[in-house]
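Next come the chains, spelled out residue by residue.
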Amino acid sequence: MLNESEMHVRVRYSETDAMGFLHHSNYPVYFEMGRTELLRQNGGDYRAMEEQGIFIVVVKLEIRYLLPARYDDLLRLITRVVKVGAAKIEHEYELFREQTKLCEAKITLACIRRDGVVQRIPAVLGGEG
């Protein structure tokens, strides 16, 4: 199972604030894109998981903004799984413009059923199922 993936994303105009910087609310969207790609690279599919009644929700989000990203920057996002527990999974993220780190983050996710009851992390996410 891959524990790390890398993807590129270009900052779109609609994602920026009046100063031309990537708005802080868009960083978690990029992180979700990174998690989805890592899952896909491991043969997983969020849609199929949800159809089976498996839902992944954010329970903790920490972001450290180091430098701003700007409109039309081509960014490189590294997403890595750092810990998988019985019902939680932790990811770390690093966002770069060329070799300059702009942001780092940690997100903890929990696995729940449709009714909100916590369940075990499925094997496709690195759990024991």
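So, here's what we can say about the structure. Worth saying up front: this structure is predicted, and the values here are computed from it rather than measured.

Criteria and cut-off values
Residues numbered from 1 in each chain as written. Predicted model: local features only at pLDDT ≥ 70, side-chain atom pairs only at ≥ 80, totals over all residues. Heavy atoms only, no water. Phe/Tyr/Trp six-rings, centres within 6.5 Å; stacked < 30°, edge-to-face > 60°. Helix = DSSP H or I, 4+ residues; strand = E, 2+ residues; numbered from the N terminus. Polar contact = N/O pair within 3.5 Å; in protein donor to acceptor, adjacent residues only side chain to side chain. Contact = heavy atoms within 4.5 Å. Buried < 20%, exposed > 50% of the residue type's maximum accessible area, 1.4 Å probe, protein only. Pairing = 2+ DSSP bridges. Axes fitted to C-alpha atoms, helices over the stretch in contact; angles between N-to-C directions.

### Observations regarding the packing of aromatic side chains
In step 1: For the structure shown, the criterion picks out three aromatic pairs.
In step 2: Centroid distance Tyr-13 to Tyr-71: 5.5 Å. Interplanar angle 90°. Geometry classified as edge-to-face. Here Tyr-71 lies in the loop between β2 (55-65) and β3 (74-84) and Tyr-13 lies in the loop between β1 (4-10) and α1 (27-41), a separation of 58 residues in the sequence.
In step 3: Consider the rings of Tyr-27 and Tyr-65, whose centres lie 4.9 Å apart with planes at 80°: the pair is edge-to-face. Of the two residues, Tyr-27 sits in helix α1 while Tyr-65 sits in strand β2, which places them 38 residues apart along the sequence.

### Some words on the side chain of Arg-76
In step 1: Within the secondary structure, Arg-76 sits in strand β3.
In step 2: Within the structure, Arg-76 has its side chain in polar contact with the backbone oxygen of Glu-98 (distance 3.4 Å).
In step 3: Here Arg-76 is in contact with Glu-6, Met-7, His-8, Glu-94, Leu-95, Phe-96, Glu-98 and Gln-99, once residues within four sequence places are set aside.

### Describing unusual backbone geometry
In step 1: Although it is not a glycine, Asp-72 sits at a positive phi angle of roughly 75°.
In step 2: Along the chain, Asp-72 falls in the loop between β2 and β3.
In step 3: Relative accessible area serves as the criterion here: at 42%, Asp-72 is assigned to the partly exposed category.

### A short note on the environment of Val-81
In step 1: Along the chain, Val-81 falls in strand β3.
In step 2: By relative accessible area, which is 15% here, Val-81 ends up buried.
In step 3: In this structure the C-alpha to C-alpha distance between Val-81 and Ser-5, which are 76 residues apart in sequence, comes to 9.3 Å.
In step 4: Non-local contacts of Val-81, meaning those with residues more than four positions away in its chain, are made with Asn-3, Leu-38, Ile-89, Glu-90 and His-91.

### Some details on the sheet that holds β1
In step 1: Spatially, five strands are ordered β1-β3-β4-β5-β2 in an open sheet, and the strand pairing comes out antiparallel. The open sheet terminates on both sides in strands that have one partner only, identified here as β1 and β2. Taking the axes of each pair of neighbouring strands and ignoring which way they run, one obtains an average angle of 25° across the sheet.
In step 2: For β2 and strand β5 (residues 100-112), the ladder comprises ten bridges, and the chain directions are antiparallel. When the sheet's bridge partners are listed, Ile-63 is paired in β5 with Ala-105.
In step 3: This element, α1, spans β1, β2, β3, β4 (88-97) and β5 of the sheet and lies at about 135° to β1.

### Thoughts on the environment of Met-19
In step 1: Of note, Met-19 is situated in the loop between β1 and α1.
In step 2: Along the primary structure Met-19 and Glu-4 are separated by 15 residues, whereas in three dimensions their C-alpha atoms are 33 Å apart.

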